[in-house]
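# Coordinates in review
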Amino acid sequence: MNKSFFITGTDTGVGKTFVATGLIRALKTKGVDVCPMKPAETGCRVNKGRLIPEDMIKLIKASGVDEPIDLINPYRMRNPLAPSVAAEIEGIIIKKKSILDAYKKLSKKHDMIIAEGAGGIMVPLYKRYLFLDLIRELDLPLLIIARPGLGTINHSLLTIEAAQKKGIKILGLIFNHVEKTKADPAQKTNPEVIAFTGKVPVIGIIPHMSHNNKKAEKIFNEISSKILSSRTN
Ligand SMILES: Nc1ncnc2c1ncn2[C@@H]1O[C@H](COP(=O)(O)OP(=O)(O)OP(=O)(O)O)[C@@H](O)[C@H]1O
Ligand SMILES: [Mg+2]
């Protein structure tokens, strides 16, 4: 069975890459041959005329894969904009076929592909073709990373509803404390409200922490076990 999944967020900067790299490391220690993919990365730094995709580099480092960059990261753009907009400015033509073909090649070689979007699921890749459409065509279930605090009920339920309308399966939600905030009452009650209203499981709550501490290892180990069992049952 295909164990791959797509990581999205309710917004940009919610911790998709942080969670993806944590999960990749944990899955590797469980013996899973996991390969990351970032179909399009914008906001790339330029170094000696080359575009540097920071997210993709973190994902490669966590996984240790040695795949051609154009396969795991078919599109790189400089402008920190939605891929459709950045591509137009930079004269790049994004074709879904390149992404679908790259995914197919990678999934033949690896046990599991973890693909990270750019921003949320309603972000356009080109013209009116959204990440949502790509996820549907890749036929991947969705892991949603959400903020824990006030406002997340609306963002999370909108993401869940938009995905389900397209027939995308939702693996679950992870609430990630991307910022160090004081505990507020909303953070305590939001996961339960979203799980109840959206009828999707909460797979984990990740505190604000550094990647290298033991606590992080334990949490990602637990979350990755839950994901693996839901992908093999
Ligand atoms: N639980 C956490 N504890 C500490 N730092 C975190 C945590 N989650 C995320 N961060 C940090 O917050 C920043 C944003 O996270 P990240 O880059 O993973 O977000 P993203 O959703 O992938 O963003 P983008 O939309 O740009 O791809 C990063 O510097 C990351 O290391
Ligand atoms: Mg990212």
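Before any of the text, the structure's been laid out above.
Now for a quick tour of the structure. (Residues numbered from 1 in each chain as written. Chains lettered and ligands numbered in written order. Predicted model: local features only at pLDDT ≥ 70, side-chain atom pairs only at ≥ 80, totals over all residues. Heavy atoms only, no water.)

The number of helices and strands found in the chain is nine helices and twelve strands. Relative to the compact-globule value of 17 Å for 233 residues, the chain shows a C-alpha radius of gyration of 17 Å, a close match. Each of the three principal axes of the chain carries a C-alpha extent, and together these read 45 × 35 × 35 Å. Looking at the chain as a whole, 52% of its 233 residues qualify as buried. Considering only contacts within the chain whose residues lie at least 6 apart along the sequence, 75% involve residues at least 24 apart. Counting every atom, the chain has about 11700 Å² of accessible surface; 55% of that belongs to carbon and sulfur. Averaging the locations of the 36 positively and 22 negatively charged side chains of the chain gives two centres separated by 1 Å. (Helix = DSSP H or I, 4+ residues; strand = E, 2+ residues; numbered from the N terminus. Rg over C-alpha atoms; globule rule 2.2 N^0.38 Å. Buried < 20%, exposed > 50% of the residue type's maximum accessible area, 1.4 Å probe, protein only. Contact = heavy atoms within 4.5 Å. Areas by Shrake-Rupley, 256 points an atom, 1.4 Å probe, with all protein chains shown as cover. Lys, Arg positive; Asp, Glu negative; His and termini not counted. Charge placed at Lys NZ, Arg CZ, Asp CG, Glu CD.)

Taken together, the side chains of Leu81, Val85 and Ile89 present a nonpolar region at the surface, about 250 Å² in accessible area. Relative to the helices and strands, Leu81 is located in the loop between strand 6 (75-76) and helix 4 (83-90). (Patch = residues over 30% accessible without salt bridge, like charges linked within 9 Å, V, L, I, M, F, W, Y side chains within 5 Å. Salt bridge = Lys/Arg side-chain N within 4 Å of Asp/Glu carboxyl O.)

Donor atoms from the polypeptide that coordinate the magnesium ion (ligand 2) comprise Thr17 (OG1), Asp55 (OD) and Glu116 (OE), at 2.1 to 2.2 Å from the metal. In primary-sequence terms, the residues that donate to the magnesium ion (ligand 2) follow T-x37-D-x60-E. With Thr17 in helix 1 (residues 16-29) and Glu116 in strand 7 (residues 112-116), this residue pair connects regions lying 99 residues apart in the sequence. In terms of burial, Thr17 and Glu116 fall into one category: buried. (Donors = N, O, S within 2.8 Å, 3.2 Å for Na, K, Ca; no water.)

Neighbouring residues of ligand 1: 17 residues in total, closest Thr12, Lys16, Phe18, Asn176 and Met209. About the coverage of ligand 1: the protein hides 74% of its 620 Å² of free accessible area. Element by element, the count of residues in the shell around ligand 1 is highest for helix 1, at three residues. (Near = heavy atom within 4 Å.)

Residues lying three or four places apart along an α-helix face the same way, a consequence of the helix completing one turn every 3.6 residues. Under the 1.5 Å per step criterion, the end-to-end length of helix 7 (residues 152-165) is 20 Å for 14 residues, consistent within 8% with the ideal 20 Å. When helix 7 is considered as a whole, its buried residues turn out to be Thr152, Ser156, Thr159, Ile160, Ala162 and Ala163. In a view along the axis of helix 7, the buried residues occupy a sector of 170 degrees, so they form one face of it. Exposed and facing more than 90 degrees away from the buried side of helix 7 are Leu158 and Lys165. Among the structural elements, strand 1 (5-9), helix 6 (131-138), strand 10 (142-146), strand 11 (170-176) and helix 8 (185-198) are those in contact with the buried residues of helix 7. Of the residues flanking the end of helix 7, it is Gly167, one or two places downstream, whose phi is positive at about 80 degrees. (Expected span 1.5 Å × (residues − 1). Arc of directions from axis to C-beta.)

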